[in-house]
Amino acid sequence: MMALLLHLFLFAAFFLGWCLWLFHRLRIPAEQTPVVAMCALSVVTYLFGLVNLFSLIQPVLYGGGILLGLWTLFRQGPKLLRRFVTLPMIGFGLVCGWFMWLLRGAAVEGHDNFAHWAIVAKSILTHNAFPTAANTAVEYVSYPPGTAVWIKLVCDLLGTSDGTMLFAHIILNMACILALIPLCRRSLPVGAALVAYGIFCFLQFNGCGSLMVDYLFTLLVLATAAVILASCKEETAGGLAGALTLLCFTTLVKNSGLMFAVIGLALALWTVWHSSFSLKVRWIWSGLLTLAPVGVWALWLLRVQLVYGETVSKHAVSVENYAQQISEKSAADIAAFQQSFFTYWLHPNYNGVVFFWITVALCAIIPLLLLAMGRIAKKRALLYACGSLGTLAFYLATLYLTYLLSMSREEMLVLASLPRYIVCFCAAITGLLLMALLWHLQGHKGRPWAGGVILACCLYTLFVCQPGSLHCLYSKQDYQNNDEQAPWIELREEYGLPEGASYLFYTNGAPVDGWSDLMVARYVFNTDHAALWQLRDDGPYLAAAFEEYEYVVFKSPDAQSDAELERWGFDPASTPYLDRGTFIQRQQELGS
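Attention in this report is confined to the structure presented alongside it.

### Looking at the pattern of salt bridges
Two side chains carrying opposite charge are able to pair once their charged atoms lie near each other.
(1) Moving on: Throughout the structure, instances matching the rule amount to eleven salt bridges.
(2) Moving on: K152 is the salt-bridge partner of D156, the closest N and O atoms lying 2.8 Å from each other. Linking D156 with K152, this pair stays in helix α7 (residues 146–158), spanning four residues, or about one helical turn.
(3) Moving on: Residue classification places D156 among the partly exposed residues on the basis of a relative accessible area of 36%.
(4) Moving on: The exposure class assigned to K152 is buried, which follows from its relative accessible area of 1%.
(5) Moving on: Between E493 and R492 there is a salt bridge, and its shortest N-O distance comes to 3.6 Å.
(6) Moving on: Look at E493 and you get exposed, because its relative accessible area is 54%.

Written out as C-alpha cells, the structure reads:
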C-alpha cells in the first residue's frame, strides 16, 4: 500500500508540476493545463520513442515536472497557486481519484481493443519501444501510437494493468471536458451544458473497458477550440501554443485524426489572422500550426516505411495498400457498396442517421438564429453555415474513399463501423456549433436559456435514450466484465504459464473463434507468437509443433490429442500442457 501511495504521489507531483508551469508560462486558464500537458508530454515522448529513447526521456519528464513545479512555486509564491487551484481543478482531481478507485481490477474488453488498441499499448509497455516487424501481435502497424504513449507515461509510474491503462485513457477524456469550463465561468447553465455535452460525447460508443479513440477526436477538437477561444482576446500566443500541442497529438491518435486536426487548424489560423500580431509573426504562427502536426504524423509514416519496408499492413496509408484493396474488389462489389452507402442516410432507423440529419439542421439553424438575434453579420452567418455543411460533405467524401480504398471487401460491403465514425464526427461539428452559439451570446439575456436548452437535451439523451451508458461513470461491476479474458487468464494462472513465450493452443475438442479468441489469447499471454491448432491426419504432430513453439497447451483436448500424447508416453489426464524442454527430453529417452 505504501508503495502504491508513493507512486500516486510521484505521478501527481510530476503531472501537476507541468500543469503549474504551463499555467505560468502560457497564461492559459488552469482548467486547460491538464489536457495541454497530457498532449505535450505525449508528443515529446513520441518523438524520442521514434529513436528508441523512451528510457532517456521519461525520467527527464518525470523529474522535470517535479522540479519545474517547485521552481515555479518558489519564484511566484502562493499567489499563483491560489489562482491555479480553482473549484473545477479540485473537481478534476476528485474525478481522477474516483476513476482510480473505480478501475481497480478492471478488464479491457471488446474486439477492437484486442485487435489493436490494448495490444499495442501492452506491446509498447512490455518492450519499452514502438512495435517492430518482430511484434506480430500488432497488425495495424500504420496506426500512430498517440494514446498508447500517454498510457505508457502513466503506467510506468503507477504500474501496468488493464485498470491503469483504462485510467490513463479516461483521465485524458476528462481533461478534454475540463478544458471547456473556462468558456462559461460566470454562467452555471452554460457551464453545465458544456460539461454535459462533453460527457455525452465521451459515452458515445465507449464501452466500460474500452481504449478505442474515435470519440476522443470529438473531445480533442472541442478542447482545441476552447483553448483558442479562452485566450484569443488577451493571451493569444499562449492559447495558440496550447492548441498546437493538441493539434499535434490529434494527428498521432489515429490516421483519421487528420480530418479533426484540420478543423482545429482552421480555427487556429482564423485566430492568427484576426489577432494583433505583426504580419511576420502571423506567417510564423501559420507555418508552425500547419507544419508541426503534419510533420509529427509524417514521421510516423516514415518510421513505418523504414521498419516494415514494403509490407502492406491493414488500413495502411500507402499507395500500395490502396492498389491492393481496390484490386480485390469487383465491379459488382463496388456497385453494391455504393448502393448501400448512398442510401444509408435515407434510413432513420439506422444508427447515427438521425443524429446526422440533426447536425445538418443545426448547421443552418444556429447561424440563422445568431443572425436574427443580431449577434453576427450576414457574412459570418454564411461562413458558419457553408463551412460546417461543407466540412460534413467533405467528411462523407473521405469516408466513401476510405471504404473504397483502405478497407477490405468484407468491411466495405457491411459498412463496418460507419455509425461510430459518423456519430463521432457529427458530435464534433454539433459541439463546435453549440460553442459558437454560446460564445456569441455572451452578455445576452438569452445565453442562460440557450445553455439550459442544451443541458436539457443532453440530460434527456443520457438518461432517457441511453441510460445504460451512464454505468461507465459509477458502476464498478461494469468494469469487471472479464468474460473474454477469463478463460485464458484461468488457463495461464492454473498452470503457471509464463507471459511472452510462444504458444500453440489445441482447441479441437471445443473449437473457438479462430480470429477473436486468438487475439484475446495473445493479449492475455502477452506474446507475439501464438496460434490455435487442430490435429491433422498426417505428420509428427508434437515434434513439428515444438520446432516452432515453446508450449503446446491442450485447452480443449479430444481423442486425437489423447492418442498423440499416449504415442509419446504421456498420460493425457495429467498433461494439460507440454513445454519444449520436457518434450525434447522424452524424445531422447525414446531414442527418436
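### Looking at the sheet that holds strand β2 (residues 530–533)
(1) Moving on: Sheet architecture is open: four strands sit in the order β2-β1-β3-β4, paired in mixed fashion. Two strands close off the open sheet at either side, each with one partner strand: β2 and β4 (577–579). Pairwise comparison of adjacent strand axes, ignoring direction, gives a mean angle of 15 degrees for this sheet.
(2) Moving on: Relative to β2, strand β1 (residues 503–506) runs parallel, the two being bridged by four bridges. Residue pairing for β2: F505 is matched across the bridge by L532.

### Examining helix α25 (residues 580–590)
(1) Moving on: Taking the backbone nitrogen of G581 as reference, a side-chain oxygen 3.0 Å away marks D579 as the first, capping residue of α25.
(2) Moving on: Trailing α25 by a residue or two, G591 shows a phi angle of about 70 degrees, which is positive.

### Considering the packing of helix α16 (residues 353–372) against helix α17 (residues 378–406)
(1) Moving on: Running from N to C, α16 and α17 cross one another at 170 degrees; their axes reach a closest spacing of 7 Å. Put simply, α16 runs roughly antiparallel to α17. Where α16 abuts α17, its residues F356, T359, V360, C363, P367 and L371 lie against K378, A381, Y384, A385, S388, L389, L392 and L396.

### Re the environment of L53
(1) Moving on: Considering the arrangement of structural elements, one finds L53 in the loop between α2 (33–49) and α3 (54–76).
(2) Moving on: The spatial distance from the C-alpha of L53 to the C-alpha of N128 is 9.0 Å, given a sequence separation of 75 residues.

### Some points on a nonpolar patch on the surface
(1) Moving on: Taken together, L73, L81, V85, L87, I90 and L94 make up a surface patch of nonpolar side chains, about 550 Å² in accessible area.
(2) Moving on: Within the secondary structure layout, L81 lies in helix α4 (residues 78–84).

### Describing α16
(1) Moving on: Under the 1.5 Å per step criterion, the end-to-end length of α16 is 29 Å for 20 residues, consistent within 8% with the ideal 28 Å.
(2) Moving on: Approximately 30 degrees is the largest bend angle found in α16, and it occurs at L362.
(3) Moving on: Along α16, the residues that are buried comprise V353, F355, F356, T359, C363, I366, P367 and L370.
(4) Moving on: Buried positions along α16 lie against α9 (188–203), α15 (331–344), α17 and α19 (418–440).

### What about unusual backbone geometry?
(1) Moving on: Although it is not a glycine, N52 adopts a positive phi angle of roughly 60 degrees.
(2) Moving on: In this model, N526 sits at a positive phi of 50 degrees, which is unusual for a non-glycine residue.
(3) Moving on: Structurally, N526 is set in the loop between α22 (516–524) and β2.
(4) Moving on: With relative accessibility at 17%, the residue N526 sits in the buried group.

### Some details on the state of the cysteines
(1) Moving on: Under the definition given, this model contains zero disulfides.
(2) Moving on: Here C248 is not cross-linked by a disulfide; its sulfur's nearest cysteine counterpart is in C39, at 9.5 Å.
(3) Moving on: The thiol sulfur of C386 is not disulfide-bonded, and the nearest other cysteine sulfur, from C363, lies at 10 Å.
(4) Moving on: Accessibility expressed as a relative area gives 48% for C386, which makes it partly exposed.

Criteria and cut-off values
- Residues numbered from 1 in each chain as written.
- Predicted model: local features only at pLDDT ≥ 70, side-chain atom pairs only at ≥ 80, totals over all residues.
- Heavy atoms only, no water.
- Salt bridge = Lys/Arg side-chain N within 4 Å of Asp/Glu carboxyl O.
- Helix = DSSP H or I, 4+ residues; strand = E, 2+ residues; numbered from the N terminus.
- Buried < 20%, exposed > 50% of the residue type's maximum accessible area, 1.4 Å probe, protein only.
- Pairing = 2+ DSSP bridges.
- Axes fitted to C-alpha atoms, helices over the stretch in contact; angles between N-to-C directions.
- Polar contact = N/O pair within 3.5 Å; in protein donor to acceptor, adjacent residues only side chain to side chain.
- Parallel < 35°, antiparallel > 145°, perpendicular 65-115°, else oblique.
- Contact = heavy atoms within 4.5 Å.
- Patch = residues over 30% accessible without salt bridge, like charges linked within 9 Å, V, L, I, M, F, W, Y side chains within 5 Å.
- Areas by Shrake-Rupley, 256 points an atom, 1.4 Å probe, with all protein chains shown as cover.
- Expected span 1.5 Å × (residues − 1).
- Bend = angle between axes of the 7 residues up to and from the residue.
- Disulfide = S-S within 2.5 Å.

All we've got here are geometric facts, nothing functional implied.
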